[in-house]
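# Results of the structural survey
Each chain, letter by letter, is given below.
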Amino acid sequence: KHGDKLFDGFTDLLVDNLEHCLREGYEERFCQTGVGWVSRELFLANKNVAVEFLERNLKYLSPEGLRYSLEKASKQEKKRLTAAHKKLHTT
């Protein structure tokens, strides 16, 4: 929850690693849950970065991964991103 307070560039490095996990192993359940847990905590450190990350990667997230990611998000963000996810995966 401290983001770049740990060291300069921490948040960017974290997001790069999350994206790599999703794009290289996105079908694996534990990859999805791990990304969900970490991105959930990213909401505490930097909500804007978390939202941008999720918007860019909705197509790679499973419903379970997205659910974990959105645990710390506002009701409005949860509703918007869940609807966008459903639209991507039903068309």
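Before reading further, recall that the structure is shown in the block above.
Description of the structure in this document. (Residues numbered from 1 in each chain as written. Predicted model: local features only at pLDDT ≥ 70, side-chain atom pairs only at ≥ 80, totals over all residues. Heavy atoms only, no water.)

The topology assignment puts phenylalanine 53 in helix H3 (residues 47–57). Phenylalanine 53 sits in the buried class, given a relative accessible area of 0%. Separated by 37 residues in the primary sequence, phenylalanine 53 and aspartate 16 place their C-alpha atoms 9.5 Å from one another. Leave out the neighbours within four places in its chain, and phenylalanine 53 touches Val15, Leu18, Glu19, Leu22, Val35 and Ser39. (Helix = DSSP H or I, 4+ residues; strand = E, 2+ residues; numbered from the N terminus. Buried < 20%, exposed > 50% of the residue type's maximum accessible area, 1.4 Å probe, protein only. Contact = heavy atoms within 4.5 Å.)

Our next topic: the nonpolar core. In this structure, Val35, Phe43, Phe53, Leu54 and Leu70 are the most contacted members of the largest nonpolar core, which totals 18 residues. Put simply, the parts of the chain that give this core at least two residues each are helix H1 (10–25), helix H2 (29–45) and H3. When near neighbours in sequence (up to four residues on either side) are disregarded, phenylalanine 43 contacts Ala50, Val51, Leu54, Ser69, Leu70, Lys72 and Ala73. (Core = buried A, V, L, I, M, F, W, Y, C linked by side-chain atoms within 4.5 Å.)

A few words on the packing of H2 against H3. At a closest axis distance of 6 Å, the pairing of H2 and H3 adopts a crossing angle of 145 degrees. Between H2, through Val35, Ser39, Leu42, Phe43 and Ala45, and H3, the contact on the second element is made entirely by Lys47, Val49, Ala50, Val51, Phe53 and Leu54. Its residues placed into classes, the contact of H2 with H3 shows nine nonpolar, one polar and one charged. (Axes fitted to C-alpha atoms, helices over the stretch in contact; angles between N-to-C directions. Nonpolar A, V, L, I, M, F, W, Y, C, P; charged D, E, K, R; others polar.)

Further remarks concern the state of the cysteines. Applying the stated criterion across every chain, the model contains zero disulfides. Here cysteine 21 stays free of any disulfide, with the sulfur of cysteine 31 as its closest cysteine sulfur at 4.9 Å. (Disulfide = S-S within 2.5 Å.)

Secondary-structure assignment places leucine 14 in helix H1. On a C-alpha basis, the gap between leucine 14 and arginine 67 in space is 19 Å, while along the polypeptide they are 53 residues apart.

Moving on, we get to the pattern of salt bridges. It is possible for side chains bearing opposite charge to pair when their charged atoms get close. Counting across every chain of the model gives seven salt bridges. Between arginine 40 and glutamate 71 there is a salt bridge; the shortest N-O distance is 2.9 Å. Of this pair, arginine 40 sits in helix H2 while glutamate 71 sits in the loop between helix H4 (63–69) and helix H5 (75–90), and the two are 31 residues apart along the sequence. Because the salt bridges share partners, they merge into one network encompassing Lys47, Glu55, Glu77 and Arg80. (Salt bridge = Lys/Arg side-chain N within 4 Å of Asp/Glu carboxyl O.)

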